[in-house]
Amino acid sequence: MTAVALDAPQVRRRLRRPQRLLTQNSELREEHIWNWTLPALATRLRDGRVVKTCPAAGVCAQACYARNGTYNFPGVIDRHQANLAYVLDDLPGWQRQMAAELAHPRHRGGWIRIHDAGDFFSDHYLSAWLRLIAFRPAVNFYAYTKEVSRFRRLVEPAPPRNFRWVFSYGGMEDHLIRPGDRVADVFPDEAAILSAGYHSQDASDLLAVLGPAPVGIPANNIPQFKRRMGGRSFRQWQAERDARRRGR
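Source: prediction; values computed, not measured. (Residues numbered from 1 in each chain as written. Predicted model: local features only at pLDDT ≥ 70, side-chain atom pairs only at ≥ 80, totals over all residues. Heavy atoms only, no water.)

Peer 1: When you look at the pattern of salt bridges in this model, what are you seeing that I'm missing?
Peer 2: Note on pairing: side chains with opposite charge can pair once their charged atoms come close. Tallied over the entire structure, the rule returns 11 salt bridges. Of the charged contacts, one joins Arg150 and Glu147 as a salt bridge, the two residues approaching to 3.3 Å between their closest N and O atoms. With relative accessibility at 12%, the residue Arg150 sits in the buried group. Arg152 is the partner of Asp181 in a salt bridge, and the nearest nitrogen-oxygen pair spans 2.7 Å. With a gap of 29 residues between them, Asp181 in the loop between strand 6 (163–168) and strand 7 (183–187) and Arg152 in helix 6 (residues 148–154) connect regions that are remote in the sequence. Across the pair, Arg152 and Asp181 agree in class, each one buried. Taken together, the shared-partner salt bridges in this structure form one network comprising Asp123, Glu147, Arg150 and Arg153. (Salt bridge = Lys/Arg side-chain N within 4 Å of Asp/Glu carboxyl O. Buried < 20%, exposed > 50% of the residue type's maximum accessible area, 1.4 Å probe, protein only. Helix = DSSP H or I, 4+ residues; strand = E, 2+ residues; numbered from the N terminus.)

Peer 1: Help me out: how do you make sense of the pairing of strand 6 in this one?
Peer 2: Regular strands show a simple pattern: their side chains alternate between the two faces of the sheet. Counting buried residues in strand 6 gives 5 out of 6 residues, a clear majority hidden from the surface. Note that strand 5 (residues 140–145) and strand 6 share 5 bridges and pair parallel. Note that in strand 6 the partner of Ala143 across the bridge is Trp165. Between the parallel elements strand 5 and strand 6, the chain passes through helix 6 in a crossover that is right-handed. Bridging between strand 6 and strand 7 involves 2 bridges; their strand directions are parallel. When the bridges of strand 7 are listed, Phe167 appears paired with Val183. (Pairing = 2+ DSSP bridges. Right-handed = clockwise from strand over helix to strand, strands pointing away.)

Peer 1: Would you mind showing me how to read unusual backbone geometry here?
Peer 2: Glycine aside, the phi torsion of most residues is negative, and most peptide linkages are trans. Put simply, Ala213 and Pro214 share a cis peptide bond, and its omega is -5 degrees. Mapped onto the fold, Pro214 is located in the loop between helix 8 (207–210) and strand 9 (215–218). The backbone of His32 sits at a positive phi, close to 60 degrees, despite the residue not being glycine. Take His32: it is sitting in the loop between helix 2 (26–29) and strand 1 (34–36). Even without a glycine there, the phi angle at Leu41 is positive, about 70 degrees.

Peer 1: Hey, could you run me through helix 10 (residues 234–246) in this one?
Peer 2: Each turn of an α-helix holds 3.6 residues, which means side chains three or four residues apart point in the same direction. For helix 10, built from 13 residues, the straight-helix expectation of 18 Å at 1.5 Å per residue is met to within 8% by its first-to-last C-alpha distance of 18 Å. All of the buried residues in helix 10 are Phe234, Trp237, Gln238, Arg241 and Asp242. Here the buried residues of helix 10 occupy an arc of 135 degrees about the axis, which is enough to place them on one side. (Expected span 1.5 Å × (residues − 1). Arc of directions from axis to C-beta.)

Peer 1: How should the packing of aromatic side chains be read in this particular structure?
Peer 2: Aromatic ring pairs are reported here in terms of the distance separating the ring centres and the angle at which the planes meet. Summed over all chains, the structure comprises 15 aromatic pairs. Consider the rings of Phe151 and Trp165, whose centres lie 5.8 Å apart with planes at 55 degrees: the pair is tilted. In this pair, Phe151 sits in helix 6 while Trp165 sits in strand 6, placing the two residues 14 residues apart along the sequence. Across this residue pair, the class does not change: Phe151 and Trp165 are buried. Classification of Phe151 as buried rests on a relative accessible area of 0%. Cluster of aromatic residues (ring-pair linked, three or more members): Trp36, Trp94, Phe120, Phe121, Tyr125, Trp129, Phe141, Phe151, Phe163, Trp165 and Phe167. In this structure, Arg106 is placed above the aromatic ring of Trp34, and the distance from its NZ or CZ to the ring centre is 4.7 Å. (Phe/Tyr/Trp six-rings, centres within 6.5 Å; stacked < 30°, edge-to-face > 60°. Lys NZ or Arg CZ within 6 Å of the ring centre and 35° of its normal.)

Peer 1: How should I be thinking about helix 4 (residues 91–102) in this particular structure?
Peer 2: Between the first and last C-alpha of helix 4 there are 16 Å, a value that for 12 residues agrees with the 16 Å anticipated at 1.5 Å per step. Where burial is concerned, most of helix 4 is hidden: 9 out of the 12 residues are buried. Those residues of helix 4 lying buried are Leu91, Gly93, Trp94, Gln95, Gln97, Met98, Ala99, Glu101 and Leu102. If you follow the buried residues of helix 4, they end up packed against strand 1, helix 3 (74–89), strand 4 (111–114), helix 5 (123–135) and strand 5. Where helix 4 begins, the side chain of Asp90 points an oxygen toward the backbone nitrogen of Gly93, at a separation of 3.0 Å. (Contact = heavy atoms within 4.5 Å. Polar contact = N/O pair within 3.5 Å; in protein donor to acceptor, adjacent residues only side chain to side chain.)

Structure (structure tokens):
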């Protein structure tokens, strides 16, 4: 059988467009923060495509909260995959719908967290977000990211005034983080955060970008993840792995 190439209108007709793109998880809802989400780390879509949504992930992949619990519910996986497919197959349509949602009065002066799972997995995708952020200056945006080199190229030369980000340790580009960058590290508990001289963001997720730096995040109380961390922070864990690789 000869494969038939689908034209753009056919692809768009097959897309499952979510009725609402921005949602609120249980933690962010208490702070009136809305969020956009993708599958964590990587996923296989219904059509068989395998997509890495966190290409710079390192040790964080072994203790990622977004690969546990409710994130593994079939309905949640289906929703996150639908979001990703929309971005991949109709980025202009996704931009238009997102821009329309961001125009709602509830978002004026408020905060949008870009990704409670996933990351800026491509230049095109990050550039689309930068256009949206610039188009909606009355809305504030923030993100954690491990895409250090991508942000150096695309964001840092001319960052939107309403966008804040923090580089989170535990990724394959930790070595590109510089003194003066705003950073976040995951620690086993609050005591470890304080002893390292970091400032906990446990009281509010916005402290990651608005509070004192550097930022410490207490690890979720997931026993198997705590065992893997072995009392280390993500930064320490990743540094150990990088050192082993250099020694090979």
